[in-house]
Amino acid sequence: MATTKKQSYTGFTKAEQDAMKEHAKDLKSNQDPAVAQAEKIAGMADADRAIAERLNELILEAAPELSPKLWYGMPGWALDGKLICFFQDAAKFKYRYATLGFSDKAQLDDGDLWPTSYALTQLTPALEKQIVALVKKAIG
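Everything in this summary refers to the structure shown in the same document. (Residues numbered from 1 in each chain as written. Predicted model: local features only at pLDDT ≥ 70, side-chain atom pairs only at ≥ 80, totals over all residues. Heavy atoms only, no water.)

1. Points about the packing of aromatic side chains
For the record, the criterion: Ring pairs shown here join Phe, Tyr and Trp side chains whose ring centres sit within 6.5 Å, with only the six-membered ring taken for Trp; geometry is labelled stacked below 30 degrees between planes, edge-to-face above 60, and tilted in between. Relative accessibility under 20% of the residue-type maximum defines a buried residue, over 50% an exposed one, and the middle range a partly exposed one, all with a 1.4 Å probe and only protein chains included. For the purposes of this entry, the term helix denotes a DSSP run of H or I that reaches at least four residues, the term strand denotes a run of E that reaches at least two, and both are numbered from the N terminus.
A complete count under the given rule lists 4 aromatic pairs for this structure. Pairing Trp71 with Tyr72 gives two aromatic rings, centres 5.0 Å apart and planes at 85 degrees, and the pair type is edge-to-face. On the accessibility criterion, Tyr72 (28% relative accessible area) is partly exposed. Relative to Phe86, the ring of Trp71 lies with its centre 4.6 Å away and its plane at 40 degrees, an arrangement referred to as tilted. Residue Trp71 is found in strand β1 (residues 67-71), and its partner Phe86 is found in strand β3 (residues 82-88); the two are separated by 15 residues along the sequence. By relative accessible area, Phe86 is classed as buried at 11%.

Pasting the structure below:
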């Protein structure tokens, strides 16, 4: 009789556990969210830091009603306290690229299928225009 090894659920990865701990810490923090976000961005690798800094400028210029916040240890931007979008640096979960993601509160619905995150390797003027349009659409 052949035996099969039962594969069991091993739980969250170390990176996921760390992100959850960061989120709990963020929720309890009395630190100004913009300062906390700036500190998080400052600790990123050079290429991702440059993207995150520029994204912060673009997003706050395009949608001044959004406010900076940290979301699971990632820079995010919220409307009335509800996360709309966030930046995930490549190192966060050991991905090969950074991403700009949108929460379910973002009004990007387009039929039955639409993207909720975008890989970013660099920002060009054309991509910046696309991002501004997405952010404006996301807040309605």
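Structure shown, so let's carry the discussion forward.
2. Side note on the pairing of strand β2 (residues 74-79)
So the rule is basically this: Strands were regarded as paired on the criterion that DSSP finds at least two bridges between them.
Of all 6 residues making up β2, 5 are buried, and the element is well covered by its neighbours. By the bridge criterion, 5 bridges tie β1 to β2 in an arrangement that is antiparallel. Residue pairing in the sheet places Ser67 in a bridge with Ala78 of β2. Linking β1 back to β2 in an antiparallel pair, the connection comprises 2 residues, with Tyr72 at a positive phi of about 50 degrees. In the sheet, β2 pairs with β3 via 4 bridges, with the strands oriented antiparallel. Note on β3: the bridge partner recorded for Leu79 is Lys82. Hairpin connection of β2 to β3: 2 residues between the antiparallel strands, including Asp80 at a positive phi of 55 degrees.

Keep in mind these numbers describe shape, not what the thing actually does.
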